[in-house]
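# Observations on the model geometry
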Amino acid sequence: MSRVMTKDEFKRAVETKIQRMFGRPLHRATKTHLFKCIAMVVRDLVNEQWAYAREAFHEEPRREVFYLSMEFLTGRNLGNNLMNLEMEDVARDVCDELGVDLDEIREMEPDMGLGNGGLGRLAACFMDSLSTVGLPGHGCGIRYEYGLFKQRIIDGYQIEVPDPWLDDGNVWEVAIPEDAETVRFGGWVETTRKNGRIQYEQKGCQTVRAVPYEIPIMGYDSKLVNSLRLFAARSTKHLDMDLFGQGRYMDALEDKELAEVISKVLYPEDNHPEGKALRLKQQYFFTSASVQNIVRLFIRRGGDIRKLAKQIMIHINDTHPGLAIPELMRILLDEFGLDWDEAWEITHNTFAYTNHTILEEALERWPVDLFQQQLPRLWDIVYEINEKFCGELWKKYPGEWDKIASMAIIADHEVKMAHLCIVGSYSVNGVAKLHAEILKNHVFKDFHEFYPHKLIGITNGITFRRFLLKANPELADLISERIGTDWITDSIQLQQLEPYAKDKDFTQGLQAVRRRNKESLAEYIKEHHQITVDPDSIFDVQIKRLHEYKRQLLNILHIMHLYNRLKDNPNLDVPPRTFIFAAKAAPGYRTAKLIIKLIHSVGRKINNDRRIGDRLKVVFLENYRVSLAEKIIPASDVSEQISTAGKEASGTGNMKFMLNGALTIGTLDGANVEILDAVGEDAIYIFGLTADETQAYYTQGGYDPRAIVENDPRLQRVLAQLVNDSLDVGTTEMFREIYNGLLYGHGMADPYFVIKDFDAYNKAQETIDKEYQQPGIWWPKAVRNIAHAGRFSSDRTVEEYNERIWRLPKVDA
C-alpha cells in the first residue's frame, strides 16, 4: 500500500498542486480548483502503488486476464479511491479546515460516461474485485467522448441531451499515444504467394489510430493495482490544408471527423444503415485495438506466440467484443504466419464468453453485406470458421440441414455473433443458475448438446465496498460494531449478523440509519424535483433500465389501482407510500419512452391531489446513474425486481438493495431465485408466473389477457383510465398504444404478462403494507437479507470465474 498521508501532509500536497497547476495561493482557490487538486493528490498516491504493482509483474510475469467490454459503468472515482486508500477521514479533516464540505467536493466529479446498465456495472465491479482479491486482470473498452446521454424530463417526456463528461478532462487517466494501434475498415483484400505461403493485405481501406488511455483500478487493502485500458479513435490524417485554403472547411475536416466519430458516443442509434455501420465499426475498433495491444505487449515481454493461451486469457463480456475471436485469428495467420489449425487451437484456448441475455433481439446479428463491406478480411476468416464448424456438425448430424442451419454462424444472410462466441471460446457461462438453465434447455439447447461441458452458470455479484461501505457508511459502521470489519473483504462474514435479527437494539439501529438516509433522499428530491415526500412512508423503489420486460408498467398500474382505492376509501388502512422510479429508455424505444410519460402523468395527478396528501407520492428521478443509485439504494425499503419470469438474466440491482436491507418484491427470475434460496420464502415477496409457465405460454399459446380483464373490475377501471383522459393529459389517445399492447398486441397480446401477474402482484403489495406496519416482523427480515447477502459479492464471483475458467495465479494482496 502507498503510505497514507497525515492531515498536514495532505493539506501541503493540495496547496502545492494549486500553486503549480493554477498559479494561485490556497486561500484563493475555487471549489473547482480544490476538487481537481484533491483528486490529483489522491491520483498520485494511487499511481505510486500502480507503479510498484507493474514493476512486480514485470519482474515475475504470470498468467493474466483481459476483460473486453463495451461498457464499464464505474461511477465516480474520488470517493472510491479515498475509501480504498483509507484516507477519507484525512481528506474530510483537510476540507473542514479549508471551509468546504468533502461531500460537496465529491459531487463535482462527473460520472464517467462509459456505460448504461447492468452489463457495464458488472464489468466495473469485476475490476474492483480483481484488484481486491489479488487477480491480475485488466479491462479493455472504448473511451467514449460522450456518454449514452443525459436524460432531461420536459413535460413528462424523456429528452436526450449530450453527456460531455470529458469536457473538463479526466484526472484519473494517462494517455499512452506511443502504444497506439492501427485499425482498418473497408477496402478489399489482395492475396500474394511468398515462400510458399499465401499473404493477405487489406487495400483501399480507412485507417484509424486507436490511442489507449489507462486508468488505474485499485482494490481495497490490496497491493495490486490493475488497469482499465480505453481506446480513443484518432484519424491518421490531419487537416487537409489544401481544402482548408480553398475555404472548404468542412471538407478539410471530413476524414478526421469520420474517423473520430467511432469513439464519440456510447451506443449510437442503429435503426438506420449509418448507425448500424457505426456500431459494427465501434465493436471492431476496440476489439482489434485490444487484441493487437495484448499480443504486442506479450511479445515485447519476450513471450512465445505459440504459448499465448498459457499466459493470456481474454474474456468476452457479452457478444459486443466477439469480433476479438476472428481478429486474433487474423493476427496469428497474417502477421505470425501460423497455419489454420495451430492458430485456431491457440484462439479457442484463449477466449471465454459470458452471455448476458436470452432476449432474441439482444443476440447480435450483422447483415452479411455490411460485414463484408466493413471488415473484408475478417469476413474471410469468419466464413472459414463457419465452414469448418458446419463440417463438424454434419459429421454428428448428417442430413439434418435445419439443425445445422440453426446452429451455423452464418445463416439467413446474417452473421450470428452469439454462435461465433460459443464456437470460438473454450468456456461459455450464464450469469445466474436459472439463466444458465434457460440457456442450456432453450436458447442454446443444440449447442449444449454438441458441447455438453462448455456451458456453465456463475452468478453475478456486486462490490460491497462501493454499495455499502461507501454508499451507506452508517450501516457499515453499525455492522462493524457488531461483527468487526472482516466482512469488507470476506463477505460471507455477514452471516454473523443472523442472530442480530432478534436483537432489538440492532434492528432499531438499522431503522434509525434508514430513516436518516430517507431524510437525505427526501431533501434531494425536494431540491431537484420540487416534490415533498414523507420519510416515514414506505420508499418503494424501481431503478433500472426502462424496458417492457422489466415491467415498470406493472408497477405504475398497481399505483393507479392504489390511488383508486384511496379515492374510494379515504380511511383505507395502508401505510403511506412513496414510489420512486429512475430509468433511461433507449432513444429509439418508443414504448419505453411512453411508459416514462405515463409514470409522470400518474405522478402529476397523484402528487397534486390534496385529498391524498402525503399518503401516496410518485417520483421519477431524472438522469439515473451510479452516483444517484448510491443515494437511492441506502434509503430504500422495498426493492422492485418484477421482470417477466425467464427474461432477466440475473440482475445486480436486486443484490445492492438486499445488501442494504431493503426487502425484495419480485418474480422467480434471474438472481431473485438465489436470493429466495438465501433468505427463505418469508423474507422476500415472490409472486407471479414462473419461467416454465411463461415459456409454456410462448410455445403453446393459450394466454388471453382480455378474458382476465373481463373478470377483474380493478383492471377494467385502471385500463380505462389509460384511454379516457382520467390522467388529464388532454387526449384519450396518449396511452392508446400501451392499452392496445396489453389487450391486443402485435402477434401476441401482453407478451410480458402484466395482466396475468397483476392480481398476484397486488396481493404481494398488500402483504408488504401489513408487515411494514409491524416493526417486529419487518426489520428482522431486513437484517436477514443483509446477513445472507455475502454470496452475492463480486469478490466471490471473480474467485469462481478464476476457479472454473481463468485459472490465474494470485498476487500477494
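Quick note: structure is the one above.
Now for a quick tour of the structure. Computed from a predicted model, the values in this text were never measured in an experiment.

## Some words on helix 11 (residues 324-335)
- Here helix 11 contains 12 residues, and its C-alpha end-to-end distance of 15 Å stays within 8% of the 16 Å for a straight helix at 1.5 Å per residue.
- Buried residues dominate helix 11, accounting for 10 of its 12 residues.
- Every buried residue of helix 11 is accounted for by Ala324, Ile325, Pro326, Glu327, Leu328, Met329, Arg330, Ile331, Leu332 and Leu333.
- Count one or two residues on from helix 11 and you reach Gly337, which has phi positive near 70°.

## Digging into the sheet that holds strand 22 (residues 663-666)
- Read from one edge to the other, the open sheet built from six strands follows the order 20-19-18-21-22-23, with strand pairing classed as parallel. Each end of this open sheet is capped by a strand with a single partner; those strands are strand 20 (616-620) and strand 23 (685-686).
- Relative to strand 19 (residues 577-582), strand 18 (residues 538-543) runs parallel, the two being bridged by six bridges. Its bridge partner being in strand 19, Phe539 is matched across the sheet by Thr578.

## Quick word on the sheet that holds strand 13 (residues 365-367)
- Taken in spatial order, the three strands of this open sheet run 13-15-14, and their pairing is antiparallel. Taken across any chain shown, the strands that pair with only one partner, and hence form the sheet edges, are strand 13 and strand 14 (410-411).
- Alignment of strand 13 against strand 15 (residues 414-416), held across three bridges, turns out to be antiparallel. For Trp366, the partnering residue across the bridge sits in strand 15 and is Val415.

## Some remarks on a nonpolar patch on the surface
- A surface patch of nonpolar side chains, about 460 Å² in accessible area, is lined by Leu239, Met241, Phe244, Tyr249 and Leu253.
- Breaking the nonpolar patch down by element, the ones donating at least two residues are helix 7 (241-245) and helix 8 (249-260).
- Structurally, the position occupied by Met241 is in helix 7.
- Overall, the relative accessible area of 56% leaves Met241 in the exposed class.

## Quick word on the pattern of salt bridges
- Counted under the stated rule, the structure contains 71 salt bridges.
- The partner of Glu64 in a salt bridge is Arg301, with the nearest N and O atoms 2.9 Å apart. With Glu64 in strand 1 (residues 64-68) and Arg301 in the loop between helix 9 (273-300) and helix 10 (308-311), this residue pair connects regions lying 237 residues apart in the sequence.
- Among the ionic pairs, Arg611 bridges to Asp609, the shortest N-O distance being 2.8 Å.
- The class for Arg611 is exposed, based on a relative accessible area of 63%.
- Look at Asp609 and you get buried, because its relative accessible area is 9%.

## Thoughts on the packing of helix 2 (residues 31-59) against helix 3 (residues 78-85)
- Here helix 2 crosses helix 3 at 45°, and the two axes come no closer than 10 Å. Classified by the angle between their axes, helix 2 and helix 3 sit oblique to one another. Taken as a pair, helix 2 and helix 3 cross one another with a handedness that is left-handed. Contacts from Phe35, Ile38, Ala39, Val42, Leu45, Val46 and Gln49 of helix 2 reach helix 3 at Leu78, Asn81, Leu82 and Leu85.
- Counted by class, the contact of helix 2 with helix 3 contains nine nonpolar, two polar and no charged residues.

Definitions and limits used
Residues numbered from 1 in each chain as written. Predicted model: local features only at pLDDT ≥ 70, side-chain atom pairs only at ≥ 80, totals over all residues. Heavy atoms only, no water. Helix = DSSP H or I, 4+ residues; strand = E, 2+ residues; numbered from the N terminus. Expected span 1.5 Å × (residues − 1). Buried < 20%, exposed > 50% of the residue type's maximum accessible area, 1.4 Å probe, protein only. Pairing = 2+ DSSP bridges. Patch = residues over 30% accessible without salt bridge, like charges linked within 9 Å, V, L, I, M, F, W, Y side chains within 5 Å. Areas by Shrake-Rupley, 256 points an atom, 1.4 Å probe, with all protein chains shown as cover. Salt bridge = Lys/Arg side-chain N within 4 Å of Asp/Glu carboxyl O. Axes fitted to C-alpha atoms, helices over the stretch in contact; angles between N-to-C directions. Parallel < 35°, antiparallel > 145°, perpendicular 65-115°, else oblique. Left-handed = near helix turned anticlockwise from the far one by under 90°. Contact = heavy atoms within 4.5 Å. Nonpolar A, V, L, I, M, F, W, Y, C, P; charged D, E, K, R; others polar.

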